[in-house]
Amino acid sequence: MTYAFAARPVIAQSAPVMTAEAHISIDAVTKIYQTKSGQVESLRPIDLSIRRGEFLAVVGPSGCGKSTLLKLVAGLTSATSGTISIGGKAVSEPPDGVGIVFQNPVLLPWKTVRENVMLQIRMRGLDPAKYADAAQRLLKTAGLEGFEKSYPWELSGGMKQRASICRALVHDPEVLLMDEPFGALDAMTREKMNAELQRIWAESRKTVMLITHSIPEAVYLADRVVVMSSRPGTIEAIYDIDLPRPRPLSVMGEPAFIRYTQDIRKHFFAQGDLDH
Amino acid sequence: MTIAAGGDRQVQVRTTKMSVTNILARVATSEAVKPLLLILVILIGWDLAIRMFGIPAYLIPAPLDVVEQIVLQWPLLLRESLPTLYATLCGFALSALIGIPLALLIASSRLIESYLYPLLVFSQSIPKVAIAPLFVVWFGFGMLPKVIVAFLLGVFPVIVSTVLALKSIDAEMIDLARSMRSGPLRTFLQIRLPHAMPGIFGGLKVSITLAVVGAVVGEFVGSNSGIGYLLQIANGNFDLPLMFAALFVLSMMGVLLFWILDAIEGLLVPWHESRRRDLREGA
């Protein structure tokens, strides 16, 4: 198994060529929250394009608005100014071809694993019979075979999050949005989940936007890593991760990998946001 | 060596002793026996206290007299408990049928909440015992005032619990529903309502015990049937054993209704944290 995109050329972010193949484009988007104590500027103008089939990771200090950025793309909140479009269509409400993995698995405790995955289908008013096979296949891929009839509270944290990834993928969306999906997991489970996510992505070739606060996770998974500054959030740098795929977990020990993580970490040192 | 053998024998004796106490302990701590055991202890204490301090029967009857009265007056007690049960169930049904939709309204809109909720709290602070005679004046003798008092006592916990349960849903869960492009009705039926079920049942369980109290209060002030009426008659005749017997029947009614609700909850909400213990222990 070799992947064509292993040798993908490095394209500079500012190159206008990008817009031609952009799947998600974010143009001059800002977000200002109204709170009791006044206005809070969450995002300064953000411009970003994500290619079709690209795995993009966003890292940044907590409170930098990276989760807000994801919610904007998901259509769960609206931008103060600027536009976001997916596949050429402006996002004003949650779009059709999007699946979201939240920080917590948010599985319904009164439904089995399979019912939780199929929730995506039922809530969208799609025909469950058509998607039953897809659900079963995803559960198998995610290593949840034999747990279809288990309830969420019978699963470990990693299994719950895998079920929620299946739920995000079952309706075969073009775009997968993930908001710090592995933040609550222990380091070892997290690495395992990263490897599995890479495999699932390689098989499905979705356009992925992953929000994370783990630099190694971002470098390991992504084609490009976007570094955000602290509030109000802006894009500070974008790194093309030119590591061959599929990437084994051992890639994390290689000099090239370490160089990427160090380069990215320097931004946080400069911002004074790294305290470990 | 002999010391060791002696030690062994001692251990053996201790283990057999342990197993007997183990069995006793297991029986004593089983869920069904625990409350019965406590009742037995209270009854013995009650009986002893009457004998030791020479408490006259017109102040506190002896437990055996009460038991005798329960057995002797069983047909009467059963007959009189039916109207009380009927009023309780009607009041409870009204509490659920009116309380839950009201709670839905309150939880769905800030505006409705700000108008309605303070008024409900205000009305709840009026002592129902004080206004119960008014219902007799308005609605006459009989079933209706009883049902109304049972309803007024029972509805408040249903509303408070349901509002709380509906409101305490994760923002992420609502985001999930929105991301699936689900309409408000589907979100309510698939996510909000099932999520609130344990809280709603919590309110219903408090409500049903209060509905029993409400029905009896209604019977106190204006009725010629029911356990409340019987209690008043017994009180007037200084028939304390009958009074205690009536109280016993009343308590049993409350316990029974509570258990039935609890069983229904177990069927409808088997997934809740409070019900998982058995499953975990089995695993």
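A quick note: this is a predicted structure, and the numbers were derived from the prediction, not measured.

Cut-off values and rules
- Residues numbered from 1 in each chain as written.
- Chains lettered and ligands numbered in written order.
- Predicted model: local features only at pLDDT ≥ 70, side-chain atom pairs only at ≥ 80, totals over all residues.
- Heavy atoms only, no water.
- Pairing = 2+ DSSP bridges.
- Helix = DSSP H or I, 4+ residues; strand = E, 2+ residues; numbered from the N terminus.
- Contact = heavy atoms within 4.5 Å.
- Axes fitted to C-alpha atoms, helices over the stretch in contact; angles between N-to-C directions.
- Buried < 20%, exposed > 50% of the residue type's maximum accessible area, 1.4 Å probe, protein only.
- Buried area = accessible area lost by both parts, 1.4 Å probe.
- Salt bridge = Lys/Arg side-chain N within 4 Å of Asp/Glu carboxyl O.
- pLDDT = per-residue confidence, 0-100.

Draft legend 1. Examining the sheet that holds strand β4 (residues 81–86) of chain A more closely. Residue and element names in this part refer to chain A. Spatially, 4 strands are ordered β2-β1-β4-β5 in an open sheet, and the strand pairing comes out antiparallel. Unpaired on one side and paired on the other, β2 (38–51) and β5 (89–90) mark the two borders of the sheet. Note that strand β1 (residues 22–35) and β4 share 5 bridges and pair antiparallel. Looking across to β4, one finds that Ile-24 is bridged to Ile-86. Across the sheet, helix α1 (residues 66–74) lies against β1, β2 and β4, angled at about 115 degrees from β1, the strand it touches most.

Draft legend 2. Looking closely at unusual backbone geometry. Residues and elements named next belong to chain A. Following Arg-245, the chain continues to Pro-246 via a peptide bond in cis, the omega torsion being -5 degrees. In this fold, Pro-246 is placed in the loop between β10 (235–240) and α7 (255–271). The backbone of Val-106 sits at a positive phi, close to 35 degrees, despite the residue not being glycine. Structurally, Val-106 can be placed in the loop between β6 (98–101) and α2 (113–123). When its relative accessible area of 7% is taken as the criterion, Val-106 is described as buried. A positive phi angle, close to 45 degrees, is found at Glu-180, a residue other than glycine. Looking at the secondary structure, you find Glu-180 in the loop between β7 (175–179) and α5 (187–204).

Draft legend 3. Spotlight on the interface of chain B and chain A. Contacts between the two partners involve 19 residues from chain B, matched on the other side by 25 residues from chain A. It is Glu-172, Met-180 and Arg-181 of chain B that lose the most area in chain B upon contact with chain A, and together they represent 31% of the buried surface on that side. Counting the contacts that link chain B with chain A gives 3 salt bridges. Arg-181 of chain B serves as the salt-bridge partner of Asp-96 of chain A, at 3.3 Å between the closest nitrogen and oxygen. Elements supplying a minimum of two residues to the side of chain B that touches chain A: α8 (171–179) and α9 (184–221) of chain B. Per element, the largest residue contribution to the side of chain B that touches chain A is 7 residues, and it comes from α8 of chain B.

Draft legend 4. The pairing of β2 of chain A, seen in detail. Where β1 of chain A and β2 of chain A come together, 10 bridges link them in antiparallel fashion. Note on β2 of chain A: the bridge partner recorded for Ala-22 of chain A is Arg-51 of chain A.

Draft legend 5. Broad picture of the environment of Gly-202 of chain B. All names here are of chain B. Positionally, Gly-202 belongs in helix α9. Residue classification places Gly-202 among the partly exposed residues on the basis of a relative accessible area of 31%. With 63 residues separating them in the primary sequence, Gly-202 and Glu-265 have C-alpha atoms 9.2 Å apart.

Draft legend 6. Expanded view of the confidence of the model for chain A. Summary statistics for chain A give a mean pLDDT of 85 and a share of 91% for residues scoring 70 or more. Ignoring residues within four places in sequence, the model shows residues 1–20 of chain A, a span with pLDDT below 50, making 29 contacts including any to other chains.

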